[in-house]
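# Per-entry structural report
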Amino acid sequence: MPQVSAKGIPVDPYKNFRFRVRYSDRSDYIAAVSKISGLKRSTEVVKHRAGGDPTTSRKLPGRTEYEAVTLERGVTFDTEFANWANSVWSFRRAGGGVATSLATFRRDLVIDVLDDGGSVVSSYSLHRAWVSEYQALSDLDANANAVLIEHIKLENEGWVHEGPKGPPAETSFQDPS
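The paragraphs below set out a description of the structure included in this document. (Residues numbered from 1 in each chain as written. Predicted model: local features only at pLDDT ≥ 70, side-chain atom pairs only at ≥ 80, totals over all residues. Heavy atoms only, no water.)

### A few points about the overall build of the protein
What counts, and what does not: Strands are runs of DSSP state E lasting at least 2 residues, helices are runs of H or I lasting at least 4, and numbering of each runs from the N terminus. The rule is simple: take the accessible area with a 1.4 Å probe, protein chains only, and divide by the maximum for that residue type; under 20% is buried, over 50% is exposed, in between is partly exposed. Contact between two residues is taken to exist if any of their heavy atoms lie within 4.5 Å; hydrogens are not considered. All accessibility values rest on the Shrake-Rupley procedure with a 1.4 Å probe; residue burial counts only the protein chains present in the view.
When helices and strands are counted, the protein shows one helix and eleven strands. Ordered by position from N to C terminus, the α and β elements of the protein give β-β-β-β-β-α-β-β-β-β-β-β. The burial tally for the protein puts 25% of its 177 residues in the buried class. Partitioning the contacts of the protein with sequence separation of at least 6, the portion at a separation of at least 24 is 58%. Of the accessible surface of the protein, which amounts to about 12,400 Å², a share of 51% is contributed by carbon and sulfur atoms.

### Some thoughts on the nonpolar core
Applicable threshold: Here, nonpolar core refers to any group of buried Ala, Val, Leu, Ile, Met, Phe, Trp, Tyr and Cys residues whose side-chain atoms link them within 4.5 Å.
Among the nonpolar cores identified, the biggest contains 18 residues, and Val-21, Leu-71, Trp-84, Leu-109 and Leu-154 are the most heavily contacted of them. When contributions to this core are tallied by element, the ones reaching two or more residues are β1 (19-23), β5 (69-74), α1 (80-86), β8 (107-114), β9 (120-135) and β10 (149-155). Ignoring sequence-local partners within four residues, the contact set of Leu-109 consists of Val-21, Arg-22, Tyr-23, Ser-24, Ile-30, Trp-84, Tyr-124, Ser-125, Leu-126 and Leu-154.

### A short note on the environment of Glu-65
Mapped onto the elements, Glu-65 comes out in strand β4 (residues 58-66). Look at Glu-65 and you get partly exposed, because its relative accessible area is 42%. Sequence-wise, Glu-65 and Ser-42 are 23 residues apart; in three dimensions their C-alpha atoms are separated by 5.5 Å. Among all residues touching Glu-65, those that are not within four sequence positions of it are Lys-40, Arg-41 and Ser-42.

### Thoughts on the pairing of β8
Rules: Strand pairing is defined by DSSP finding a minimum of two bridges between the two strands.
Taken across its eight residues, β8 has seven buried, putting it largely inside the fold. As paired strands, β1 and β8 are joined by five bridges and run antiparallel to one another. Bridge pairing links Tyr-23 to Leu-109 in β8. Strand direction decides the pairing type here: β8 and β9, joined by seven bridges, are antiparallel. Considered in β9, the bridge of Arg-107 is made with Ala-129.

### Observations concerning the packing of aromatic side chains
Let me state the cut-off plainly: Put simply, two rings from Phe, Tyr or Trp (the six-membered ring, in Trp's case) pair if the centres are within 6.5 Å, and we call them stacked under 30 degrees between planes, edge-to-face over 60, tilted for the rest. Only when the NZ of Lys or the CZ of Arg is both within 6 Å of the ring centre and within 35 degrees of the ring normal is a charge said to sit over the ring.
Taken as a whole, this structure holds four aromatic pairs when the rule is applied. Where Tyr-23 meets Trp-84, the ring centres are 5.6 Å apart and the plane angle is 80 degrees; that geometry is what we call edge-to-face. Residue Tyr-23 is located in strand β1, and its partner Trp-84 is located in helix α1; the two are separated by 61 residues in the primary sequence. Per residue, the accessibility class of Tyr-23 equals that of Trp-84, and both read buried. In this structure an aromatic cluster arises from ring pairing among Tyr-66, Tyr-124 and Trp-159. Positioned above the aromatic ring of Trp-159, the side-chain terminus of Arg-41 is 4.7 Å from the ring centre. Positioned over the ring face of Tyr-23 is Arg-107, at 3.6 Å from the centre of the ring.

Right, here's the structure in full:
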């Protein structure tokens, strides 16, 4: 039985497999993203003491750091991850690797969380992300029964929770018969 708040709004948590990812400047979603590492930030604690109170430390917030975010997806015809990774570094056969134009290598991403009915209920905006690590293929194994996976590790300058999009609507499942 679903849990319900005092106002009659369902309070069941959202599923961690109902999400989509897109660039903030585009409305179409990035194909086949199957896993995103958690969004984590930490703030340093700055301790100080007042001269007249030598026994007690005071604490203030210091510098905030945002951890890198990893996106994984099955290898498909879509070359979006490779193109983004190549905007930071490009390999040329004759001369080795060369840095490329860094004017457009940072991008903003939006992670949309969906409810059971497929409606966006919450969004997270990842700011000024860039690819620091790119893996084009997972291990190849003739004895395995698995999907090829590519992943990118994104350094970022912060993320913002865009909040709930309002109280969740009650999801109803219709019998197809």
